[in-house]
Amino acid sequence: MLKPPISRMGGKSKLRKVIIEMLPESTCYVELFFGAGWVYFGKEPSKIEVVNDVDKELINMFKMIKHHGPEMERLLKYEFSGRGIFEEYKNCTLEYLTDINRAIRFLYLINYSFASKGDHYGYGTTTLPNQKMFKETYLEPIRDRLQNTFVESLSFEEIIEKYDREHTVFFADPPYYETAGYNNEFGEKEQLILFKKLSNIKGKFLLTINDHERIRELYKDFNIKEVEVVYSVSRQTDARGKYKELIITNY
Ligand SMILES: C[S@@+](CC[C@H](N)C(=O)[O-])C[C@H]1O[C@@H](n2cnc3c(N)ncnc32)[C@H](O)[C@@H]1O
């Protein structure tokens, strides 16, 4: 199974096998909240695929991998882990960078920060700095996988409106209910919009979310499967140990 080029908070690395087994066949597969894309990169390609996220820097990185992979690989060869470089990238003015440089910056901040959060320089006494950025095979399989995919950067509700058909399957992995973490707001209001939209689609959906009373109540008319996930301490400092998640489907 292909691995994404980055880690991302809430990434479905531990749960992807279960999710992939539960996804129905689809002509059109849409990931509403792409993040690192663990499920997309792990599954067999559908005829038509769409990935979407509101994080402009994340989507720019995937677009650059798709269209300018060799140039990115060339530039990455000259990077190394350094606190000064990290701080420069973190504080630079994005408007002054080319799209390719923005993508390199994004990869750098994610790969060289604590818990892949992009905010604090990650160092260690027992582990090497992240090596995967320098491997020759780093971007090519990702680019090949992205070649037949529509890469969108809109809010989830617009994507549902645009792509909803009887032959569409939506995979929704939104920010957790009542858990802060991403730059944009995703509170009760957004969860309700998501619930209303998913409840009225022509196609199918599979939603993953943290196990919360309010979510169980909202989706009580759908199929709810409870799963337990064990997160490693280093990656998910705010969700140590075992954690219950829900997989909700309308099929
Ligand atoms: C839990 S993560 C997805 C993780 C992903 N499934 C993975 O395996 O890495 C949630 C993602 O939703 C994105 N997001 C937040 N609000 C959004 C919105 N309104 N529309 C689309 N994406 C949004 C965040 O930028 C974040 O990347």
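Residues numbered from 1 in each chain as written. Predicted model: local features only at pLDDT ≥ 70, side-chain atom pairs only at ≥ 80, totals over all residues. Heavy atoms only, no water.

As annotated in an unreviewed UniProt entry, the protein is DNA adenine methylase from Clostridium gasigenes.

Now for the overall build of the protein. In terms of helices and strands, the protein carries nine helices and seven strands. Its C-alpha atoms give the protein a radius of gyration of 18 Å, near enough to 18 Å, the size a compact globule of 251 residues would have. Dimensions of the protein, computed from C-alpha atoms along their principal axes, come out at roughly 55 × 35 × 35 Å. Evaluated residue by residue, the protein yields a buried proportion of 49% over its 251 residues. Counted over contacts in the protein with a minimum sequence separation of 6, partners at least 24 positions apart contribute 69%. A total accessible area of about 13,100 Å² is found for the protein, and carbon and sulfur atoms account for 49% of it. (Helix = DSSP H or I, 4+ residues; strand = E, 2+ residues; numbered from the N terminus. Rg over C-alpha atoms; globule rule 2.2 N^0.38 Å. Buried < 20%, exposed > 50% of the residue type's maximum accessible area, 1.4 Å probe, protein only. Contact = heavy atoms within 4.5 Å. Areas by Shrake-Rupley, 256 points an atom, 1.4 Å probe, with all protein chains shown as cover.)

Of all seven residues making up strand S5 (residues 204-210), six are buried, and the element is well covered by its neighbours. In this structure, S5 lies alongside strand S7 (residues 241-249), joined through five bridges in antiparallel fashion. Along S7, the bridge assignment pairs Leu206 with Thr249. (Pairing = 2+ DSSP bridges.)

Quick look at the packing of helix H7 (residues 156-163) against helix H8 (residues 188-199) now. H8 packs onto H7 with a crossing angle of 10° between their chain directions and a minimal axis gap of 10 Å. As far as their axial angle goes, H8 and H7 are roughly parallel. In this structure, H7 contributes Phe156, Glu157, Ile160 and Glu161 to the contact, and H8 contributes Glu190, Ile193, Leu194, Lys197 and Leu198. Along the lines of polarity and charge, the residues of the contact of H7 with H8 split into five nonpolar, no polar and four charged. (Axes fitted to C-alpha atoms, helices over the stretch in contact; angles between N-to-C directions. Parallel < 35°, antiparallel > 145°, perpendicular 65-115°, else oblique. Nonpolar A, V, L, I, M, F, W, Y, C, P; charged D, E, K, R; others polar.)

This part is about the environment of Ile160. Along the chain, the position of Ile160 falls in helix H7. Sequence-wise, Ile160 and Ile201 are 41 residues apart; in three dimensions their C-alpha atoms are separated by 8.0 Å. Discounting chain neighbours no more than four positions away, the residues touching Ile160 are Leu32, Phe170, Leu194, Lys197, Leu198 and Ile201.

Attention shifts here to the environment of Lys204. The residue Lys204 is located in strand S5 in this model. Judged by relative accessible area, which is 32%, Lys204 ranks as partly exposed. In this structure, the C-alpha to C-alpha distance between Lys204 and Asn223, residues 19 residues apart in sequence, is 12 Å.

On to the pattern of salt bridges. According to the stated counting rule, one finds 14 salt bridges in the structure shown. With its nearest N and O atoms 3.0 Å apart, the salt bridge here joins Arg74 to Glu71. In this pair, Arg74 and Glu71 both sit in helix H3 (residues 56-76), three residues apart, roughly one turn of the helix. For the salt bridge of Asp144 with Arg143, the shortest nitrogen-to-oxygen distance reads 3.5 Å. Connected through salt bridges with shared partners, the residues Asp211, Arg216, Glu226 and Lys244 form a single ionic network. (Salt bridge = Lys/Arg side-chain N within 4 Å of Asp/Glu carboxyl O.)

Take the packing of aromatic side chains next. Aromatic ring pairs are reported here in terms of the distance separating the ring centres and the angle at which the planes meet. Per the counting criterion, the structure on display carries 17 aromatic pairs. On the basis of an interplanar angle of 50° and a centroid distance of 5.7 Å, the ring pair of Phe156 and Phe186 is categorised as tilted. Of the two residues, Phe156 is situated in helix H7 and Phe186 in the loop between strand S4 (168-172) and H8; the sequence distance between them amounts to 30 residues. Comparing Phe156 with Phe186, the two get one shared label, buried. Aromatic side chains Tyr219 and Phe222 sit 6.1 Å apart centroid to centroid with 55° between the ring planes, which places their arrangement in the tilted category. Under the relative-accessibility criterion, Tyr219 is labelled buried at 1%. Each residue in the set Phe34, Tyr40, Phe41 and Phe62 is aromatic and connected to the rest through ring pairs, giving one cluster. A cation over an aromatic ring shows up here: Lys43 above the ring of Tyr29, its NZ or CZ 4.0 Å from the ring centre. Positioned above the aromatic ring of Tyr40 is the side chain of Arg145, whose terminal nitrogen or guanidinium carbon lies 4.2 Å from the ring centre. (Phe/Tyr/Trp six-rings, centres within 6.5 Å; stacked < 30°, edge-to-face > 60°. Lys NZ or Arg CZ within 6 Å of the ring centre and 35° of its normal.)

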